[in-house]
Amino acid sequence: MFARKAAQFFKNGSKFNGKGNLYFAAAATTVAGSGLGLYYMNKNAAKADMFAEGLHTPNFPFQHASTFGTFDHASIRRGYQVFREVCAACHNTEFVRWRDLIDVAFTEDEVKAMAAEFEYEAGPDDAGEMFMRPGTPADPLPKVYANEQAARAMNNGAYPPDLSLITKARHNGANYVFSLLTGYYDAPEGVEIREGLHFNPYFPGGAIAMARSLYDGLVEYEDGTPATTSQMAKDVVTFLNWASEPELDDRKRRGTQVLIIFSILTAISIYLKRNRFISLKTRKIVHNPPSNWTKKQ
Ligand code: HEC
């Protein structure tokens, strides 16, 4: 009915009679009112099921989160250190290869040395035996667990997800992981947390199987940055965000180039269009009838 009235309104314009106008105004107010209502309902998202969904995370000013911002590579380097010393004890990163880190946070020689510290299965050799060889930049980062069952067995049945794509796999990616890592509190009065779980309001359900893993001074940064909990969380999240979106720097650089080039091309095409059309647009067609035109012959 609304659509019909609206169509009629636009067709008839001001010829609309008084009653129709009233209907239309009422319908328009209802639609606008419900729209506003929905907007405010979602804006002030303090709902009863907030606990089930997890607390909404604030937006943190990550350098790479701004429109033209690129990764803070010193932070990726520190983040890798936190990841290696803390998270890598429990989490796989199946889709990151050593060589991906070259020229991102480490030099080629550093990456070769880092990969060689780990052993990978290779073979079979001439005797049909598998053997271990040092890692190379072409290998993925070492696996903690062979499969999901092994992972669950080692974590009381909880499954620590692979972190290679985690910032893409969670709503509000980097902000969520940062909030999660820094969001361990004592459970509020009346909230029961089962044995082996930990209270964290950002985790859907409020009880997570991962214990708090970052504490002030846990790692020692080689560049002297004070290793506070939030600093380590920021660095490891930057590292994980890079692992999920290694193309981000390139994408933004290309995007900026494209914007600049297309703006110039648009300006040129507007100029050319006006230039070509000017004779057509300013043409004046004059008709000079003969002076005896109206006279009947
Ligand atoms: C002692 C083992 C352990 C360590 C160390 C650890 N985690 Fe976890 N992590 C887990 C487990 C177990 C889960 C699954 C929790 C669950 O499902 O309740 C998990 C879950 C997660 C999740 C997913 C949460 C979700 O929304 O599903 C993220 C992200 C995460 N960990 C990041 C990290 C980061 C970053 C570090 C390093 C600073 C780290 N973890 C260190 C065991 C660990």
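Residues numbered from 1 in each chain as written. Predicted model: local features only at pLDDT ≥ 70, side-chain atom pairs only at ≥ 80, totals over all residues.

Examining the overall build of the protein
Looking only at helices and strands, the protein features 10 helices and 4 strands. Along the protein, helices and strands appear, N-terminal first, in the series α-α-α-α-α-β-β-α-α-α-β-β-α-α. Looking at the protein as a whole, 18% of its 297 residues qualify as buried. A fraction of 59% describes how many contacts in the protein between residues 6 or more apart in sequence connect residues 24 or more apart. (Helix = DSSP H or I, 4+ residues; strand = E, 2+ residues; numbered from the N terminus. Buried ≥ 20, exposed ≤ 12 C-beta atoms within 10 Å, placed from the backbone. Contact = placed C-beta atoms within 7 Å.)

Here we look at helix α10 (residues 248-281)
Between its terminal C-alpha atoms α10 stretches 46 Å, which fits the 50 Å expected from 34 residues at 1.5 Å a residue. In α10, a bend of some 30° at N275 exceeds every other bend along the element. Counting buried residues in α10 gives 0 out of 34 residues, a small share hidden from the surface. (Expected span 1.5 Å × (residues − 1). Bend = angle between axes of the 7 residues up to and from the residue.)

Remarks on the nonpolar core
By size, the foremost hydrophobic cluster in this structure holds 33 residues, and its most contacted members are V177, A233, V236, V237, F239 and L240. At the level of elements, α4 (73-85), α5 (108-116), α8 (173-182) and α9 (229-244) are the ones that each hand at least two residues to this core. Residue contributions to this core peak at 8 residues, all from α9. (Core = buried A, V, L, I, M, F, W, Y, C linked by C-beta atoms within 7 Å.)

Quick look at the site of the ligand
Taken together, 24 residues are adjacent to the ligand, and C87, C90, P160, A209 and M210 come closest. If one sorts the elements of the shell around the ligand by residue count, α8 sits on top with 3 residues. (Near = placed C-beta within 6 Å.)

Considerations on the UniProt feature "transmembrane region" (unreviewed entry) in the protein
Within the UniProt annotation, "transmembrane region" (unreviewed entry) is assigned to residues 21-41 and 255-272. Helix makes up 100% of residues 21-41 and strand 0%, whereas the separation of the span's terminal C-alpha atoms amounts to 30 Å. For residues 255-272, helix accounts for 100% and strand for 0%, while the C-alpha atoms at its two ends are 25 Å apart. (UniProt positions renumbered as here; feature names shortened; annotations may be inferred.)

Brief notes about the environment of N200
Here N200 shows up in the loop between β3 (198-199) and β4 (207-208). On a C-alpha basis, the gap between N200 and M210 in space is 9.7 Å, while along the polypeptide they are 10 residues apart.

Looking at the packing of α4 against α9
At a minimum axis separation of 7 Å, α4 and α9 run at an interaxial angle of 100°. The angle between α4 and α9 places the two elements in the roughly perpendicular class. In contact with S75, I76, R78, G79, Y80, V82 and F83 of α4, α9 contributes M232, K234, D235, V236, T238, F239 and W242. When its residues are assigned to classes, the contact of α4 with α9 shows 8 nonpolar, 3 polar and 3 charged. (Axes fitted to C-alpha atoms, helices over the stretch in contact; angles between N-to-C directions. Parallel < 35°, antiparallel > 145°, perpendicular 65-115°, else oblique. Nonpolar A, V, L, I, M, F, W, Y, C, P; charged D, E, K, R; others polar.)

Focus: unusual backbone geometry
Look at the link from G123 to P124: it is a cis peptide, with omega at 0°. Here N156, not a glycine, exhibits a phi torsion of approximately 55°, which is positive. Looking at the element boundaries, N156 is found in the loop between α6 (148-154) and α7 (166-169). We note that N172 has phi near 65°; this positive angle belongs to a residue other than glycine. Along the chain, N172 turns up in the loop between α7 and α8. Its 16 C-beta neighbours within 10 Å are what place N172 among the partly exposed residues.

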